[in-house]
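# Results of the structural survey
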Amino acid sequence: MSRHLKIASAQLGPLHLSDTRSSATKRLVNLLREAHGMGAKFVVFPELAFTTFFPRYWYDSQTEADSKFYEASIPSAETQPLFDEAKKLGIGFYIGYAELTQEEGRTHRFNTAILVGPDGTLVGKYRKIHLPGHAEHKPQAAFQHLEKKYFEVGNLGFRVWRFMDTITGMLICNDRRWPEAFRVLALQGAEIVALGFNTPSENLHYPEPPALRVHHHLIMAQSMAFQNATWLVETAKCGFEDGNRMFGHSVIVAPTGEIAAQSLTEEDEVICVNADIDLAANLKRTMFDFAAHRRPEHYQLIVERVGAEVTPAKGP
Ligand code: CDV
């Protein structure tokens, strides 16, 4: 008999600068209860789910940013109700937050996600590796994307965990644009990849139709799920945050590359799928039997070279 897991993507509408952790947590608890009502056992919340998407703002004082946006402990008094409710309902979850931590005698800041088991135990932690944007202030720009200022590159690698009778990996937002990230998870047997995101509808760098940004989001999700024969759950925080729009389109994608569920709003919204975790078995046995067909001896450049260099072949 094939394994099934009811998975929900719990999309958050906007969180403004004036919103508190407590009000965000209340909304997350409501989404959790709604997901529970739909029968969900695993809920995926967004990236940086307790605050507005603050990398859009420049702060001269890092101390001020630390106090406004980062979690020095998770759960904290304000976020604890989410952890309590999930444990009470027996739901496992993924959630993203800004992590402030002291390690090896100094302060670190990471864009982090955790996997929490249905019994409330911390199963896994991932620190975002692909940080988009810039570190310097761009006062002329309509908004900032300061992830390179506010976070260090994650230092925990791409990992998977045995989780609720599946093998589950975590990624965060911009990671979804990099096939390498998915492949490293797939090579460890990932059956579910959970990912939260915040994606501005407007491109900071050049004018791009917002519809095209959604198009890229969807084609990436479908191809990454199919090419790695995994379920993929991508959850947005979206809508107008203090006037700055981010798109929704949270999706649950099957290993066949088909979108099994997709959100329709840019508000708080839950979508849920009874996922057949073994749906990829045929794919993994044939087309994407990695052991039979991959040719890593020809993939060396992928790990040796970072940026593209023009190196034409000599001869035919
Ligand atoms: N939070 C993100 O990583 N957002 C990026 C934006 C800046 C393009 C993304 O890849 O969606």
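Let me sum up the structure you'll find in this document. (Residues numbered from 1 in each chain as written. Predicted model: local features only at pLDDT ≥ 70, side-chain atom pairs only at ≥ 80, totals over all residues. Heavy atoms only, no water.)

## Description of the site of the ligand
As a structural note, the neighbourhood of the ligand is formed by Glu 47, Phe 53, Lys 128, Pro 132, His 145, Glu 147, Cys 173, Asn 174, Arg 176, Arg 177, Asn 198 and Thr 199. Within the side chain of Asn 174, one N or O atom sits 2.8 Å away from an oxygen atom of the ligand. At 2.6 Å from an oxygen atom of the ligand is found a side-chain nitrogen or oxygen belonging to Thr 199. Computed on the free molecule, the ligand has an accessible area of 310 Å², of which 91% lies beneath the protein chains in the complex. Partitioning the shell around the ligand into residue classes produces 3 nonpolar, 4 polar and 5 charged. (Near = heavy atom within 4 Å. Polar contact = N/O pair within 3.5 Å; in protein donor to acceptor, adjacent residues only side chain to side chain. Areas by Shrake-Rupley, 256 points an atom, 1.4 Å probe, with all protein chains shown as cover. Nonpolar A, V, L, I, M, F, W, Y, C, P; charged D, E, K, R; others polar.)

## Section: the sheet that holds strand S4 (residues 106-116)
Taken together, the 6 strands give an open sheet; going across it, the order is S5-S4-S3-S2-S1-S14, and neighbouring strands pair in mixed fashion. Two strands bound the open sheet, and with one partner strand each, they are strand S5 (122-127) and strand S14 (269-276). On average, each strand axis in the sheet is tilted by 35 degrees relative to the strand beside it, whichever way the strands run. Inspection of the sheet shows strand S3 (residues 92-103) paired to S4 by 11 bridges, in the antiparallel sense. Pairing of Glu 99 across the sheet is with Phe 110, part of S4. Sitting on the sheet, helix H1 (residues 21-37) is in contact with strand S1 (4-11), strand S2 (42-44), S3 and S14, with an inclination near 40 degrees to S14. (Pairing = 2+ DSSP bridges. Helix = DSSP H or I, 4+ residues; strand = E, 2+ residues; numbered from the N terminus. Axes fitted to C-alpha atoms, helices over the stretch in contact; angles between N-to-C directions. Contact = heavy atoms within 4.5 Å.)

## What about the environment of Lys 6?
Of note, Lys 6 is situated in strand S1. Taking the C-alpha atoms as reference points, Lys 6 and Ile 259, separated by 253 residues in sequence, lie 15 Å from one another. Excluding residues within four positions of it along the chain, Lys 6 makes contact with Met 38, Gly 39, Ala 40, Lys 41, Phe 42, Val 273 and Asn 274.

## Examining the packing of H1 against helix H3 (residues 80-89)
Any two packed helices are characterised by how steeply their axes cross, that is the angle between the axes, and by the distance between the axes. At a closest axis distance of 9 Å, the pairing of H1 and H3 adopts a crossing angle of 15 degrees. As the angle between them shows, H1 and H3 are arranged roughly parallel. Where H1 crosses over H3, the handedness of that crossing is right-handed. Where H1 abuts H3, its residues Thr 25, Leu 28, Val 29, Leu 32, Arg 33 and His 36 lie against Pro 81, Leu 82, Glu 85, Ala 86 and Leu 89. The residue inventory of the contact of H1 with H3, partitioned by class, reads 7 nonpolar, 2 polar and 2 charged. (Parallel < 35°, antiparallel > 145°, perpendicular 65-115°, else oblique. Left-handed = near helix turned anticlockwise from the far one by under 90°.)

## With respect to the sheet that holds strand S9 (residues 231-236)
A sheet is described by the order of its strands in space; here 6 strands give the open sequence S6-S7-S8-S9-S12-S13, paired in mixed fashion. Across the chains shown, the open sheet's two edge strands, defined by having one partner strand only, are strand S6 (160-163) and strand S13 (259-262). Along the sheet, successive strands turn relative to each other by an average axial angle of 20 degrees, direction set aside. Sheet topology places S9 next to strand S12 (residues 251-253); 3 bridges connect them, and they run antiparallel. Looking across to S12, one finds that Val 233 is bridged to Ile 252.

## A word on the packing of aromatic side chains
Per the stated rule, a full pass over the model turns up 12 aromatic pairs. Ring geometry for Phe 197 versus Phe 247: centroids 6.0 Å apart, planes at 55 degrees, classification tilted. Note that Phe 197 is positioned in strand S8 (residues 192-197) and Phe 247 in the loop between strand S11 (244-246) and S12, a separation of 50 residues in sequence. Across the pair, Phe 247 and Phe 197 agree in class, each one buried. Every member of this aromatic cluster is reached through a ring pair, and the members are Phe 54, Tyr 59, Phe 69, Tyr 70, Tyr 150 and Phe 151. Above the ring of Phe 197, the side-chain terminus of Arg 176 is found at 4.4 Å from the ring centroid. (Phe/Tyr/Trp six-rings, centres within 6.5 Å; stacked < 30°, edge-to-face > 60°. Buried < 20%, exposed > 50% of the residue type's maximum accessible area, 1.4 Å probe, protein only. Lys NZ or Arg CZ within 6 Å of the ring centre and 35° of its normal.)

## Some remarks on the nonpolar core
Grouped burial of nonpolar side chains is what soluble globular proteins tend to show. Counting 44 residues, the largest nonpolar core has Phe 42, Tyr 94, Leu 171, Ile 192, Trp 231 and Leu 232 as the members making the most contacts within it. Among all residues touching Leu 232, those that are not within four sequence positions of it are Phe 182, Val 193, Ala 221, Met 224, Ala 225, Val 251, Ile 252 and Val 253. Listed in part, the 26 residues of the second largest apolar core include Leu 15, Leu 31, Ala 49 and Phe 50. (Core = buried A, V, L, I, M, F, W, Y, C linked by side-chain atoms within 4.5 Å.)

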